[in-house]
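Chain by chain, the residues run as shown.
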Amino acid sequence: MKIYFCGSIRGGRNDVHVYRRIVEKLRSYGTVLTEHVSSSELTDSGEDAKTGGDKFIHDRDMDWLRQADLVVAEVTQPSLGVGYELGRAIDMRKKVLCLFRLSSQRTLSAMIRGAEDRELFVVRDYREDEAENVLEEFFTNLRRM
Ligand SMILES: O=c1[nH]c(=O)n([C@H]2C[C@H](O)[C@@H](COP(=O)(O)O)O2)cc1CO
């Protein structure tokens, strides 16, 4: 299974330790196409422009998104890029799981929470220490479908 993981980069890297935890668990279910999002070496400047710049990043990521069987997004730290990826994923009719930590005291955008439809687009509130269990439960249900 190919999994596209979304997490904030230029939107701020405060949650990178959580992304790391999620990506580690996701690896037990398949190939994570966007592993770099969870790298602690990646700062809020984003990937090295030498790779070909923003157009390269955008086109590569959209290509990965098209290939993906599933999209998992950590949406607690607001990020334009993650919002964009989710909108495109909906358009491609991908199955999406969004994870949001209520402990952040933030209120998730209505454009994400309000997009929930139970079948293709699921929003799950969780605590950091529940990350692995929440994913386990999600993938178990996925197998039953
Ligand atoms: O360098 C990058 N590499 C990259 O893959 N992205 C993608 C993956 C992330 O899920 C998302 C983050 O968007 P943003 O940088 O606006 O927070 O965009 C975003 C950037 C920088 O915007």
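As a reminder, the structure under discussion sits directly above these lines.
Description of the structure in this document.

Scoring rules and cut-offs
- Residues numbered from 1 in each chain as written.
- Predicted model: local features only at pLDDT ≥ 70, side-chain atom pairs only at ≥ 80, totals over all residues.
- Heavy atoms only, no water.
- Pairing = 2+ DSSP bridges.
- Helix = DSSP H or I, 4+ residues; strand = E, 2+ residues; numbered from the N terminus.
- Buried < 20%, exposed > 50% of the residue type's maximum accessible area, 1.4 Å probe, protein only.
- Polar contact = N/O pair within 3.5 Å; in protein donor to acceptor, adjacent residues only side chain to side chain.
- Contact = heavy atoms within 4.5 Å.
- Right-handed = clockwise from strand over helix to strand, strands pointing away.

## Considerations on the sheet that holds strand β5 (residues 121–126)
At step 1: An order of β2-β1-β3-β4-β5 is seen for the five strands of this open sheet, with the pairing classed as parallel. Both edges of this open sheet fall to β2 (31–32) and β5, since each of them pairs with a single strand only.
At step 2: Here strand β4 (residues 95–101) pairs with β5 via six bridges, running parallel. For L99, the partnering residue across the bridge sits in β5 and is R124.

## What about the side chain of E74?
At step 1: Its place among the elements puts E74 in strand β3 (residues 70–74).
At step 2: Overall, E74 belongs to the buried group, its relative accessible area being 0%.
At step 3: Only 2.9 Å separates the side chain of E74 from the backbone nitrogen of T76, close enough to count as a polar contact.
At step 4: If we ignore the near neighbours within four places in the chain, the residues touching E74 are F5, C6, G7, D15, V18, Y19, I22, L99, R101 and Y126.

## Focus: the pairing of β4
At step 1: Among the seven residues of β4, seven are classified as buried, and the element is accordingly described as predominantly covered.
At step 2: Neither face of β4 is open: one carries K95, L97, L99 and R101, the other V96, C98 and F100, and all of them are buried.
At step 3: Direction of pairing for β3 relative to β4: parallel, over a ladder of five bridges. Along β4, the bridge assignment pairs V72 with L97.
At step 4: For the crossover that starts at β3, traverses helix α3 (residues 80–91) and ends in the parallel β4, the hand is right-handed.

These figures capture arrangement, not role.
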